[in-house]
Amino acid sequence: MLTQFTHTKDLNNSEILVLLRRANALLRQEARPANLAHKNIIALFFENSTRTIASFQVAASRLQAHFSVFNVQKSSTSKGESLLDTLHNIEAMGVDLIITRHHHSSSAPYFAKHLKCAFINAGSGTLSHPTQALLDLLTLYNHFEGDLEGKTIAIVGDIKNSRVANSNMELLPRFGMKILLVAPPHFLPPTSHPSTHSLAEALESADVVMGLRTQTERHSLQTYGSLKDYAKDFCLTRARLQDRPIPILHPGPVHRNVDIQDALLDDPRSLVLQQVKLGVFLRMALMESLLTA
Ligand code: NCD
């Protein structure tokens with residue numbers, strides 16, 4: 001049984017369906033959450049986070065587990081201690097689960113390889129953010145009542161630098177979805193998925209659209225005039241969507257009126273806060289499964 005979750009590929013489709021069903025049962029109060037009162041969970045985030053860390057924290061508290069957030073800024077890594085030594089010391093204290101976020105893309109598999117305790121990747125450079133992809137899948141699974149086969153998701157924005165896009169590009173096609181990438185050339189990674197530079201064209205065939213934040217902190221050079229120029233062509237707006245009845249996703253944080261127009265965030269088609277809500281139940285299901293394995 002899996003105890004370390006570094007990548008969406010760590011779980012096969014039937015294991016993922018079990019997690020989605022468990023998350024829904026917890027959401028609908030059809031099942032009682034496991035009691036993990038004796039478990040110690042610690043989050044080490046070397047990058048900022050709002051939703052993900054709070055979501056893990058709320059999920060852990062619903063499982064009655066003890067959750068602490070390690071203060072990375074004040075740790076001995078700033079005194080020259082290696083990251084691995086820091087992790088080994090924390091593991092030696094008897095924690096049951098370590099959750100990390102780090103700007104290096106290879107960080108999660110590297111940490112997992114050197115740890116014996118349970119582990120969750122909460123963001124590994126630009127490469128992977130598997131719990132976000134699972135909660136996006138759950139949101140879509142519920143919205144389309146399990147029927148994802150042949151549905152096209154248009155992923156719009158800074159795809160090249162987005163770990164959320166990367167994890168979704170691996171996961172969603174496994175459940176029958178088609179990916180359509182929509183971005184200016186400098187935001188498109190080399191890919192086998194269909195892509196276009198025209199948002200209007202993409203919206204004609206998309207069954208769902210996912211906006212992404214422009215990851216300015218990851219750009220070594222600015223390849224566009226300004227965020228305003230970018231928004232002119234790629235911001236999701238009511239005018240562009242018109243009355244198409246397609247759901248709108250975004251992992252957050254949202255750059256309002258750059259990725260998505262204010263009005264669309266308040267539109268009933270927006271599932272942005274539903275993603276956040278479902279994320280808690282999905283992470284509960286995942287932590288239950290890793291910690292009771
Ligand atoms: C993303 C992240 O940090 O990977 N947000 C999230 O976890 N929900 C996306 C981003 O930073 O743009």
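None of these values were measured; they are calculated from a predicted model. (Residues numbered from 1 in each chain as written. Predicted model: local features only at pLDDT ≥ 70, side-chain atom pairs only at ≥ 80, totals over all residues. Heavy atoms only, no water.)

Caption draft 1: The arrangement of the sheet that holds strand 8 (residues 195-196) in detail. Taken in spatial order, the 5 strands line up as 8-7-6-9-10 in an open sheet, and their pairing is parallel. The sheet is open, and its two borders are formed by strand 8 and strand 10 (248-249), each paired with just one other strand. Two elements, strand 6 (residues 152-156) and strand 7 (residues 178-182), share 5 bridges in a ladder whose sense is parallel. If you follow Ile155 over to strand 7, its bridge partner there is Leu181. (Pairing = 2+ DSSP bridges. Helix = DSSP H or I, 4+ residues; strand = E, 2+ residues; numbered from the N terminus.)

Caption draft 2: Focus on the nonpolar core. Core analysis: the largest hydrophobic core is formed by 82 residues, its most contacted members being Ile99 and Met287. By residue number, the principal contributor to this core is helix 11 (residues 272-291), which donates 11 residues. With residues up to four places along the chain from it excluded, the contact list for Met287 reads Leu36, Ile41, Phe56, Ala59, Ala60, Leu63, Leu97, Ile99 and Ile120. (Core = buried A, V, L, I, M, F, W, Y, C linked by side-chain atoms within 4.5 Å. Buried < 20%, exposed > 50% of the residue type's maximum accessible area, 1.4 Å probe, protein only. Contact = heavy atoms within 4.5 Å.)

Caption draft 3: Representation of helix 4 (residues 107-114). When we look at burial in helix 4, the residues that qualify are Ser107, Ala108, Phe111 and Ala112. Viewed along the axis of helix 4, the buried residues span an arc of 125°, placing them on a single side of the element. Tucked inside the fold, the buried residues of helix 4 contact strand 1 (4-5), helix 3 (83-92), strand 4 (97-102) and strand 5 (118-124). (Arc of directions from axis to C-beta.)

Caption draft 4: Examining the site of the ligand more closely. Thr52, Arg101, His129, Gln132, Arg163, Val164, Arg213, Gln215, Pro251, Gly252 and Pro253 make up every residue found near the ligand. Contact between the ligand and Arg213: an oxygen atom at 2.7 Å from a side-chain N or O atom of the residue. If the ligand stood free it would expose 320 Å²; the protein chains cover 93% of that surface. Judged by the fraction of its atoms near the pocket grid, the ligand is located in the largest pocket. (Near = heavy atom within 4 Å. Polar contact = N/O pair within 3.5 Å; in protein donor to acceptor, adjacent residues only side chain to side chain. Areas by Shrake-Rupley, 256 points an atom, 1.4 Å probe, with all protein chains shown as cover. 1 Å grid on protein atoms, 1.4 Å probe; cavity = no way out; pocket = protein on both sides within 12 Å on 5 of 7 lines; lining within 4 Å. Sits in = over half its atoms within 2 Å of the grid points.)

Caption draft 5: Focus on the sheet that holds strand 5. Across the sheet, 5 strands lie side by side as 1-5-4-2-3; this open sheet has parallel pairing. Of all strands in the sheet, those bounded by a partner on one side alone are strand 1 and strand 3 (66-69). Pairing between strand 2 (residues 40-45) and strand 4: 5 bridges, direction parallel. Considered in strand 4, the bridge of Ile41 is made with Leu97.

Caption draft 6: Broad picture of the pattern of salt bridges. For the coordinates displayed, the defined rule picks out 7 salt bridges. Of the charged contacts in the structure, one is a salt bridge between Arg256 and Asp262, with a shortest N-O distance of 2.7 Å. The exposure class of Asp262 is partly exposed, given its relative accessible area of 31%. Between Asp267 and Arg269 there is a salt bridge whose closest N-O contact spans 2.9 Å. For Arg269, a relative accessible area of 16% translates into the label buried. Residues participating in the shared-partner salt-bridge network are Arg238, Asp267 and Arg269. (Salt bridge = Lys/Arg side-chain N within 4 Å of Asp/Glu carboxyl O.)

Caption draft 7: Focus on empty space enclosed by the protein. Counting across every chain of the model gives 1 cavity of 30 Å³ or more. Space inside the largest cavity adds up to approximately 80 Å³. Mapped onto the lining of the largest cavity, the elements with two or more residues apiece are helix 2 (51-62), helix 5 (130-143) and helix 11. Residues of the lining of the largest cavity, tallied by class, amount to 3 nonpolar, 6 polar and 2 charged. (Points joined across faces, edges and corners; volume = space filled by probe spheres on them. Nonpolar A, V, L, I, M, F, W, Y, C, P; charged D, E, K, R; others polar.)

Caption draft 8: Geometry of the layout of surface pockets. Estimated volume of the largest pocket: approximately 420 Å³. Together, 21 residues line the largest pocket, and Arg101, Arg163, Arg213, Gly252 and Pro253 are the ones closest to its centre. Of all the secondary structure elements, the ones that give two or more residues to the lining of the largest pocket are helix 2 and helix 6 (163-171). Here the residues of the lining of the largest pocket sort into 4 nonpolar, 10 polar and 7 charged. Taken as a whole, the second largest pocket encloses approximately 210 Å³ of empty space. What lines the second largest pocket is simply Arg51, Gly252, Val254, Arg256, Leu265, Asp266, Ser270, Val272, Leu273 and Val276. Considering every element that reaches the lining of the second largest pocket, the biggest residue donor is helix 11, with 3 residues. Its residues assigned to classes, the lining of the second largest pocket shows 5 nonpolar, 2 polar and 3 charged.

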